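# Overview (structure and organization)
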Amino acid sequence: MRLHGKRRDILEDVAAFNKQNKTIGFVPTMGALHKGHLALIERALKENQKVIVSIFVNPTQFNTTEDLVNYPRTLDSDIELLSELSKEIIVFAPTPKEVYGDQMSSTNYDFEGLENEMEGKYRPGHFDGVGTVLKHFFTIVNPNKAYFGEKDFQQLQIVKKLVEIEKMSVQIIGCPIYREKNGLALSSRNKRLDQKQLNESPLIYSILKQVKKDFGTKSVHILNKWVSEQFKNNDELKLEYFEIAKVSDLKSIKRKQKDTKYRAFIAVFAGEIRLIDNIALN
């Protein structure tokens, strides 16, 4: 396994792989790696001849300084995990200056409205930061395939739109949500949860499963009201939003239509830690 912090070193590796006609799989992460990340990387290893993993806490996609400062950073243990997984992985762990130079700012993207729904409402500018850093990485790594988890389903749709906008040839692969045995979607932020929060947080997935079960027989209004009521007397979890949206444009709905794919999305605060999840409904 090789670890690079400089753009020029990754570019040298990529040039060599291209010369050898080797396929490149790319898994972008912000570190604090967990089994969900490893599942993405394992799939990339199966489907490509070379795999590059980035570890970079991207400043431009955070809405608060506090969240950026508190985001877990565990580079040494991340490197150890990856070296145990495969010796063939190349890790790119740059500094913000290496990625952005002296101009640490985001490009303003028009993702055809995808950026204005759900996460976009509560984290303005977040997806501009995501799009900006991924354009940097896709340009540097020039991967054949890039892998993203469906836990961030809205982000997955936006990354697909980014590739379309920027006319890049990378294939974006969405991978199933990786969960704990109790149903909690794996996230780097889970490391910040205390024991009480950990005990309560499986409620999020159990609610989503019940919504999926009831989706065929109950109205959107009734489901929205029921979800809201599940959090009213919970001391550990506070609902930020719950929405049932069309998969095609992520717009929240009030009524169901035939021959349309829907997904339920939820964001919950456990203290100061924000947890998101989603589930396909049909």
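The present account deals with the structure reproduced in this document. In this text, all values refer to a predicted model and were calculated from it rather than measured experimentally. (Residues numbered from 1 in each chain as written. Predicted model: local features only at pLDDT ≥ 70, side-chain atom pairs only at ≥ 80, totals over all residues. Heavy atoms only, no water.)

All right, on to helix H8 (residues 153-165) then. In a regular helix each residue adds 1.5 Å, so 13 residues correspond to 18 Å; H8 covers 19 Å between its end C-alpha atoms and thus fits that length. Those residues of H8 lying buried are Phe153, Gln154, Gln155, Leu156, Gln157, Ile158, Val159, Lys161, Leu162 and Val163. Among the structural elements, helix H6 (119-122), helix H7 (126-141), strand S5 (145-149), strand S6 (171-175), strand S8 (262-270) and strand S9 (273-280) are those in contact with the buried residues of H8. (Helix = DSSP H or I, 4+ residues; strand = E, 2+ residues; numbered from the N terminus. Expected span 1.5 Å × (residues − 1). Buried < 20%, exposed > 50% of the residue type's maximum accessible area, 1.4 Å probe, protein only. Contact = heavy atoms within 4.5 Å.)

With 39 residues, the main nonpolar core has Ile10, Ile52, Leu134, Phe138, Phe148 and Ile172 as its most contacted residues. With eight residues, H7 is the single largest residue contributor to this core. Discounting residues that sit within four places of it in the chain, phenylalanine 148 has contacts with Pro28, Leu40, Leu134, Phe138, Gln155, Leu156, Val159, Ile172, Ile173, Gly174 and Cys175. Residues Leu223, Val227, Tyr262 and Ile273 belong to the second largest nonpolar core, which totals 25 residues. (Core = buried A, V, L, I, M, F, W, Y, C linked by side-chain atoms within 4.5 Å.)

One pass over the structure, following the stated rule, counts 20 salt bridges. We note a salt bridge from glutamate 88 to lysine 50, for which the minimum N-O separation is 3.3 Å. Residue glutamate 88 is located in the loop between helix H4 (75-85) and strand S4 (89-92), and its partner lysine 50 is located in strand S3 (residues 50-55); the two are separated by 38 residues in the primary sequence. Classification of lysine 50 as buried rests on a relative accessible area of 17%. For lysine 246, the salt bridge is made with aspartate 249, and the minimal N-O distance between the two is 3.4 Å. For lysine 246, a relative accessible area of 23% translates into the label partly exposed. Aspartate 249 gets classed as partly exposed once you look at its relative accessible area, which sits at 22%. One continuous salt-bridge network, built from bridges that share partners, spans Glu119, Arg123, Glu240 and Arg274. (Salt bridge = Lys/Arg side-chain N within 4 Å of Asp/Glu carboxyl O.)

Taken in spatial order, the six strands make up an open sheet running S1-S4-S3-S2-S5-S6, and their pairing is parallel. A strand with exactly one partner marks an edge of an open sheet, and here the two such strands are strand S1 (2-4) and S6. Put simply, the sheet's adjacent strands are angled 25° from each other on average, direction ignored. For S3 and S4, the ladder comprises four bridges, and the chain directions are parallel. (Pairing = 2+ DSSP bridges. Axes fitted to C-alpha atoms, helices over the stretch in contact; angles between N-to-C directions.)

As for its position among the elements, asparagine 190 is in the loop between S6 and helix H9 (195-200). In this structure asparagine 190 touches Leu184, Ala185, Leu198 and Leu275, once residues within four positions along its chain are discounted.

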